[in-house]
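In case you want the letters, here they are:
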Amino acid sequence: MKFFDKSAVMAIATGAIVFSACSHETDYYNPDLNPNKAQYEKNWKNTFGDINPEQDWNVAAKVTASVSLDGMQDAANIMVYTGLPGGLNSRLVAAYPAQTRTFSFDYEESAKDAYVLITDRNDRILLGNYFSIDNGEINIALNTRGTRAEDGCGTSLGETIKTNNVFRDEKGYWPADLYESRYNPAIKYNDVFDLYKLNNVATKTGSSWKISDIVDIVGKGGVFAEQQYNEKGECNLIKWEEDLKPSEGAEYVMEEDGPMEITFMYGGTIKFNKLGYICYKDGATKDEILKSPRYLLMDDARPQHNVTIDGTSMGEQDGMKLPGLVESYEKYDGADATLTGTTYKLAYFDENGNSSFTFPAGTHIVFFEIIGNNGSWWNEDQYCFNIRYSLPWMNRDFYYKRNENHPSWKEYDAAQTFVTYRWNGQTVLGMEDEGGDDDMNDILFFVNGKFKSHDIPDIGNDPAPQEWILACEDLGSTDDFDFNDVVFRVSHIAGKTEAEVTVLDAGGILPATIFRGDTEIGEAHEMLGVATNVMTTEEKNTTVSEPKKISVPADFSMTENMGGFKIYVANNETSVVSVNAPGKGEVPQIICVPGTWKWPKERVSISDAYPDFGKWGANWQDNTWYNNISDEKNVISK
């Protein structure tokens, strides 16, 4: 078949518009005059039945956001995502200045919520949470989700925990006058530092995330996968050593005056652990750091007392329930539960013991865990003996050894019980409570504050823009309904005046040129780098076109008329028909689906690939048909 010049295709179409008033025979542009259209519609009705008059064949819906961030003076940016950034299916949907009070964005019409992230001018996270969508509206306000703690600080120093426990100065670091005797280099912990319980610790219901959001962290192959070993038998700590840099430990240095919070995100342990922190200033000596006061922040740092599942608290013996949910989600298509963490606000204490929620710039914050027993608390006399710090050198100076039961263990591992890294804007703190597997997921936190982050390893990937797929029938055939004659993806972020178009497949052999309005984007086959008569759906071709950037108006939306995209299909050298977005209740030649959609293979009807497709035609609200694939062998994805 002759390959048409793109400008010629446009010329034919434009000429058809000019002469349409004179003769129907020259009105090649009018899709109603396509000789195959009547037969296509007849076959459609015979195959799928009647169409709901409200059906527009578009799963994109417009959502209007109302924003109220009173009390968040540092807010600079507001972003909307399909899920917690970094999750498997998270996409960036909208990006606006935080001063914007109302805006709209495209979203899957079946979705019930969206993840909203508020950051300051340095991209530090001020708020991150799911917000509900109700009748096409989302209310982003501090009093609806993620409310900040009240100003002021009621947290105060409690009693000092006394212990008779000792550590041995095997390295000869400590002054001998602290020894139990000249022959026994044992030193009482209480002779080195004070450990305080805190009264009135500031806590609040934290943000929420879904199992699907954190699978990349704690699922199979994730950085913090449960008891995960590689082919060499190496644990997470060793396997990810180059990325996580556990030998450097984890501490957070305040870049500006401000608060410091941690949110309990996940955990898998049967130990009765506690968590605390110490602070020291820039320039502090090693001796001053080791002797800094310890503040016990969490008297109960178990996951079952700090994370709820779909709003319900876990049971007393549910320490390993969260890893079970992750495994069920991955292996058995389990429920995508929503987890909600508890946020703890740290208190800063000056030399006189006065507290505030503002940590001065230059303050270093180091965490420690007090590792409990399996199934019971250690008594207080043992607290210090089982303390592990987020700085390995501190653990080495409070010398101890422990046994390991995995083959990759080396003696220096014993000091490395904390890791931290950045993951799509979030800072994660993970720790091991010496269960013998070093999977570093016994307790996981999101850490939030105005601390320096450039030295923290960043192993995340920025979420891609939200994507939609337009799948088209060119009427070269009137009965296959495979919707793969032209398949292309549109990527766009609400608030931006640029979009990208990527051709994914071309199962038709007619020249098909993609337009948006009167702007030509390109002929589908040419963009894929193949001849017109090549059906890429049959060639097992994994190639997609290079993304093509296009300008779009500020109010661009895929919800309206499928973004204004259409296809001019050349039937022969002199006739061109236009494949447009269908009107409500019309038989479609284009459908708009999410960007993760897998389209049918050649000559596989869409209803064979997706058994629920027919229900969608009869009821436009039955809009999750694309989640039910009959057999992966029937579909294609690129």
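All figures in this text were calculated on a predicted structure; none of them were measured in a lab.

1. Some words on the sheet that holds strand E29 (residues 498-505)
What links the strands of a sheet is backbone hydrogen bonding, and the strands pair in either a parallel or an antiparallel sense. Across the sheet, 5 strands lie side by side as E32-E29-E28-E27-E35; this open sheet has antiparallel pairing. In this open sheet, the two edge strands, each paired with only one partner strand, are strand E32 (548-551) and strand E35 (590-594). If you compare each strand with its neighbour and ignore which way they point, the axes differ by 30° on average. Pairing analysis gives 6 bridges linking strand E28 (residues 486-492) to E29, with the strands arranged antiparallel. Across the sheet, residue Arg489 finds its bridge partner in E29, namely Thr502.

2. Points about the pairing of strand E33 (residues 565-570)
Counting buried positions along E33 gives 6 out of 6 residues, so the element sits mostly inside the fold. Of the two faces of E33, both are covered, the one formed by Phe565, Ile567 and Val569 as well as the one formed by Lys566, Tyr568 and Ala570. For strand E30 (residues 512-516) and E33, the ladder comprises 5 bridges, and the chain directions are antiparallel. What sits directly across from Thr513, in E33, is Tyr568. Pairing geometry for E33 and strand E34 (residues 576-579), over 4 bridges, is antiparallel.

3. Considerations on the environment of Val59
Along the chain, Val59 falls in the loop between helix H2 (37-48) and strand E1 (60-68). Put simply, Val59 and Pro594 are 535 residues apart on the chain and 7.4 Å apart in space, counted from C-alpha to C-alpha. Once you skip the residues sitting within four places of it in the chain, Val59 turns out to touch Tyr107, Glu108, Glu109, Trp468, Cys592, Val593, Pro594, Trp616, Trp625 and Tyr626.

4. A look at the side chain of Arg489
Tracing the sequence through the fold places Arg489 in strand E28. In this structure Arg489 touches Glu467, Trp468, Ile469, Glu500, Val501, Thr502, Leu504 and Lys638, once residues within four positions along its chain are discounted.

5. Some remarks on the nonpolar core
Ile262, Tyr277 and Phe367 are the most contacted members of the largest nonpolar core, which has 64 residues in total. Beyond its immediate sequence surroundings of up to four residues, Ile262 is in contact with Leu275, Leu297, Met298, Thr342, Thr343, Tyr344, Leu346, Phe367, Phe445, Phe446 and Val447. In this structure, Phe48, Val59, Phe481 and Trp625 belong to the second largest nonpolar core, which totals 58 residues.

6. Side note on the side chain of Lys566
Note that Lys566 resides in strand E33. Put simply, Lys566 is tucked away with no salt bridge, and the nearest opposite charge, on Asp518, sits 4.3 Å away. Reaching out from Lys566, the side chain makes a polar contact with the side chain of Tyr568 at a distance of 3.3 Å.

7. Side note on the sheet that holds strand E4 (residues 102-108)
Judged by pairing direction, the sheet is mixed, and its 7 strands sit side by side in the order E3-E2-E5-E6-E7-E1-E4 without closing on themselves. Edge positions in the sheet fall to strand E3 (92-97) and E4, since each of these pairs with one other strand and no more. Pairs of neighbouring strands in the sheet enclose a mean axial angle of 25°, with direction left out of account. As judged from the 7 bridges shared by strand E5 (residues 113-119) and strand E6 (residues 125-134), these two strands associate in the antiparallel manner. Bridged to Ile118 within E6 is Leu127.

8. Concerning unusual backbone geometry
At Trp57, a position not held by glycine, the phi torsion is positive, near 60°. Examined against the element boundaries, Trp57 turns out to sit in the loop between H2 and E1.

9. With respect to the packing of aromatic side chains
Per the stated rule, a full pass over the model turns up 43 aromatic pairs. Between the aromatic rings of Phe613 and Trp625, the centroid separation amounts to 5.2 Å while the plane-to-plane angle is 80°, which identifies the pairing as edge-to-face. Placement of the pair is Phe613 in helix H11 (residues 613-618) and Trp625 in the loop between H11 and strand E37 (635-636), with a sequence separation of 12 residues. This pair shows no difference in class: Phe613 is buried, exactly as Trp625 is. Three or more aromatic residues joined by ring pairs make a cluster, and in this case those are Tyr40, Trp44, Phe48, Trp57, Phe481, Phe483, Trp597, Tyr610, Phe613, Trp616, Trp625 and Tyr626. Residue placement shows Arg294 over the ring face of Phe193; its charged tip is 3.8 Å from the ring centre. For the cation-ring pair, Arg302 lies above Phe272, with the distance from its terminal atom to the ring centre recorded as 4.2 Å.

Thresholds applied
- Residues numbered from 1 in each chain as written.
- Predicted model: local features only at pLDDT ≥ 70, side-chain atom pairs only at ≥ 80, totals over all residues.
- Heavy atoms only, no water.
- Pairing = 2+ DSSP bridges.
- Helix = DSSP H or I, 4+ residues; strand = E, 2+ residues; numbered from the N terminus.
- Axes fitted to C-alpha atoms, helices over the stretch in contact; angles between N-to-C directions.
- Buried < 20%, exposed > 50% of the residue type's maximum accessible area, 1.4 Å probe, protein only.
- Contact = heavy atoms within 4.5 Å.
- Core = buried A, V, L, I, M, F, W, Y, C linked by side-chain atoms within 4.5 Å.
- Lys, Arg positive; Asp, Glu negative; His and termini not counted.
- Salt bridge = Lys/Arg side-chain N within 4 Å of Asp/Glu carboxyl O.
- Polar contact = N/O pair within 3.5 Å; in protein donor to acceptor, adjacent residues only side chain to side chain.
- Phe/Tyr/Trp six-rings, centres within 6.5 Å; stacked < 30°, edge-to-face > 60°.
- Lys NZ or Arg CZ within 6 Å of the ring centre and 35° of its normal.

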